[in-house]
Amino acid sequence: MVAVKVLLVVIDAASPRVFCPAVQTGRLKNFKLLAEAGEMHQESVSIFPSITPAATSSIITGCYPSQHGIVGASWYDERSDQVAYYGDDFWVVAARGFGAFLRDFLVHLNGDRLTAPTLFESVEGAGREAACFNFLVYRGLKPHRVNIPWLLAVLPGTPLTETVLGPTTLCLGDFVSDGRGHAPSPKPHGALHRFGMDDAGTGSMLCQAAAEGTLPDFTVAYFADNDYRSHEVGPFGALPVLDRVDAALGATFEAAGGIERFLSETCVIVTSDHGHCDILEDADAAVIHLDNLYSDFAQATLGKPWNARDQIMICPNMRAAQLYVHGTASVAQVVQTALKEPRIDLVIWRGGETPATRRYHVSGPRGTLAFWRHGGGGREGRDAQGTAWRWDGDPAVLRLETSDGLVHSADYPNPFERIAGALDADAAGDVWLTAQPGCEFEVRGGQPHVGAGSHGALHTLDSLSPVIVAGASMRLPRTLRSIDLAALCMRALGLTSRREIGAPALRD
Ligand SMILES: [Zn+2]
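Nothing here was measured: the structure is a model prediction, and the numbers come from that model. Residue positions are counted from 1 within each chain, in the order its sequence is given. Under the rules for a predicted model, residues below a pLDDT of 70 receive no local features and side-chain atom pairs below 80 are neither given nor counted, while totals for whole chains, interfaces and linings still include all residues.

Helix and strand definitions follow DSSP, with helices as H or I runs of at least four residues and strands as E runs of at least two, each counted in order from the N terminus. Its location among the elements puts Asp 296 in the loop between helix 14 (290-293) and strand 14 (312-317). Residue burial is a threshold on neighbouring C-beta atoms within 10 Å of the residue's own C-beta, all placed from the backbone, with 20 or more meaning buried, 12 or fewer meaning exposed, and counts in between meaning partly exposed. Given 11 C-beta atoms within a 10 Å radius, Asp 296 is considered exposed. Between the alpha carbons of Asp 296 and Glu 341 there is a distance of 14 Å; along the sequence they are 45 residues apart.

See below:
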């Protein structure tokens, strides 16, 4: 039987190693009820870089940054000569300056920067109706008025957009509240509650829509507080936030007449965008200062486009970083400098001018490896999706294992597809770095998460998400990726998706 409706719940940064035991022991009792009514997968693989703007875009578009264009939390866009900068993470920058943050989302991320269709566009394009509660990648087909007085209060004197395109129901805290049911903006508001865009706001809107019976065919509800809190106290310390999300779901089911009734007409899918890695307590050991490491290079000012004499632009993405090379500097020099720092886990760059000659290079303390998709030579194997790859060099770099023609890595899940899915983006850095577990990249003026949690890298700690599906009679495949969630939602709705669950996802 195909469920009539789908509710997709995205809990930012819920790590399986924290979330799943709390479900299994019954601490998160409503999630446990969902898992018992359906199925829980503990190893859905996020994208690289495993960081919120890129990873939430992948959930809602079903593709990698190479296709959706959101290449992390910070990158350089050569076409517009702008640095896209979403800060250390959504909510850290929100705390510093909510106005600029919101303008970047309202105007840019959901406008010119997002280059793939969202689920909201696909679902409503197929004649069904959708709602978005606080999910920040919300582009749809219907114009909504932005609450200008609120924005002006936050960002005086700045020209602002008056309408944004979203699904039929679009609720973004105090800024946009429009659609069926017309849920009034929930309490509490204000800067302390991120203007209604925190978990209390999302939970309240969801519960109200369930009580009124106004949930449409497809709803995305986004709970961001877990990421925010995990950056402060680490992923395990943030468990009380997950307790509150669990309670919000329980209240939603209750408002709709109980979980059984809810699941009889709605398929509930729960996931996160990435995991969290614990960061060492000793700042000297934890923080890799990239501006110091690259002090021999003329560095572009953080967040600003190139000046003529600049040689390197550093775009930190917490446990990953993208470096752009300019003028008299070379990729080889930038790579060699990175290899002098033992806390850098992987140094990644791309060679070859055409898809036929393209090579992805990965270097680190365990050696050097190159891999490619087209042409002969090297060793050969398939990934779990069936894509054929060839590679040459030290498999220990990515801790590769091969058996029966399958190439696999426990430490770096689905490494080839995820690396290509980032580096093939038009705006991707020339050289990417990832930090050893426990470490994080920083440049002057940043806020490292010493003794707490961080993410962004290719490592398994950063890269896994739980997935629960309840209320639909479908079995989850053994290997699952966050880019499969869009197809999962479409199938539960009885709609055709552009790519099937588990299918190869790269294009030339
Ligand atoms: Zn996130």
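Taken in spatial order, the eight strands of this open sheet run 2-26-11-1-10-5-8-9, and their pairing is mixed. At either end of the open sheet lies a strand with only one pairing partner, and these are strand 2 (39-45) and strand 9 (176-178). Mean inter-strand twist for the sheet, computed between neighbouring axes without regard to direction, equals 15°. DSSP-based pairing: two strands are paired if at least 2 bridges between them are found. For strand 1 (residues 5-11) and strand 11 (residues 266-271), the ladder comprises six bridges, and the chain directions are parallel. In the sheet register, Val 9 faces strand 11, and the bridge partner there is Val 270. To obtain an axis, a line is fitted to C-alpha atoms, over the contacting stretch when the element is a helix, and the angle between two such axes runs from 0 to 180 degrees between their N-to-C directions.

Here the focus is the packing of helix 9 (residues 199-212) against helix 11 (residues 239-255). Following both chains from N to C, one finds helix 9 and helix 11 inclined at 15°, their axes separated by 8 Å at the closest point. One element, helix 9, and the other, helix 11, form an angle in the roughly parallel class. Helix 11 is crossed by helix 9, and the crossing has right-handed handedness. Along its contact with helix 9, which presents Asp 199, Gly 203, Leu 206, Cys 207, Ala 210 and Ala 211, the element helix 11 presents Arg 244, Val 245, Ala 248, Ala 251, Thr 252 and Ala 255. Here the residues of the contact of helix 9 with helix 11 sort into eight nonpolar, two polar and two charged. For classification purposes, an angle smaller than 35 degrees is called roughly parallel, one larger than 145 roughly antiparallel, one from 65 to 115 roughly perpendicular, and anything else oblique. The handedness criterion is simple: a crossing whose near helix is rotated anticlockwise from the far helix by less than a right angle is left-handed, and one whose near helix is rotated clockwise is right-handed. Contact between two residues is assigned whenever their backbone-derived C-beta positions fall within 7 Å. In this classification, Asp, Glu, Lys and Arg are treated as charged, Ala, Val, Leu, Ile, Met, Phe, Trp, Tyr, Cys and Pro as nonpolar, and every other residue, Gly included, as polar.

For helix 15 (residues 331-339), the set of buried residues is Val 334, Val 335, Thr 337 and Ala 338. The buried side chains of helix 15 occupy one side of the element, clustering within an arc of 160° when seen end-on. Summarising the geometry of helix 15, the exposed residues directed more than 90 degrees from the buried face are Ala 332 and Gln 336. Considering only its buried residues, helix 15 is in contact with helix 14, strand 14, strand 15 (320-325), strand 16 (344-351), strand 17 (359-364) and strand 23 (431-435). The arc refers to the directions leading from the helix axis to the C-beta atoms.

Turning our eyes to something else, we now look at unusual backbone geometry. Along the chain, Phe 48 connects to Pro 49 via a cis peptide bond; the corresponding omega equals -5°. Unlike most non-glycine residues, Asn 134 shows phi in positive territory, near 70°. Looking at the secondary structure, you find Asn 134 in the loop between strand 5 (130-133) and strand 6 (142-145). One non-glycine residue, Asn 414, lies in the positive phi region at around 45°. Relative to the assigned elements, Asn 414 resides in the loop between strand 22 (406-409) and helix 16 (415-423).

Bringing the environment of Asp 430 into the picture now. Relative to the helices and strands, Asp 430 is located in the loop between helix 16 and strand 23. Residue Asp 430 is classed as buried on the basis of its C-beta count, with 20 C-beta atoms lying within 10 Å. The sequence separation of Asp 430 and Leu 346 amounts to 84 residues, and the corresponding C-alpha distance is 14 Å. Excluding residues that lie within four positions of it along the chain, Asp 430 makes contacts with Leu 323, Tyr 324, Val 325, Val 331 and Trp 349.

Turning to the nonpolar core, a few remarks are in order. Nonpolar core, as used here: buried Ala, Val, Leu, Ile, Met, Phe, Trp, Tyr and Cys residues forming one set through C-beta atoms within 7 Å. Phe 133, Ile 312, Leu 323, Val 431, Leu 433 and Cys 489 are the most contacted members of the largest nonpolar core, which totals 159 residues. Ranked by residues supplied to this core, first place goes to helix 18 (residues 485-492) with seven residues. Each of domain 1 (5-279 + 459-492) and domain 2 (284-450) gives at least three residues to this core. Beyond its immediate sequence surroundings of up to four residues, Cys 489 is in contact with Val 6, Leu 8, Leu 119, Phe 218 and Ile 269. Domain borders in the structure are assigned automatically or taken from a domain database.

The domains assigned to the chain are domain 1 (5-279 + 459-492) and domain 2 (284-450). On a C-alpha basis, the centres of domain 1 and domain 2 stand 28 Å from each other. Between domain 1 and domain 2, the contact holds 36 residues from the first and 37 residues from the second.

This part is about the pairing of strand 1. For strand 1, a buried count of six out of seven residues is recorded, marking the element as mostly surrounded by other parts of the structure. Note: strand 1 against strand 10 (residues 218-223), six bridges, orientation parallel. Residue pairing across strands places Ile 11 opposite Phe 223, the latter belonging to strand 10.

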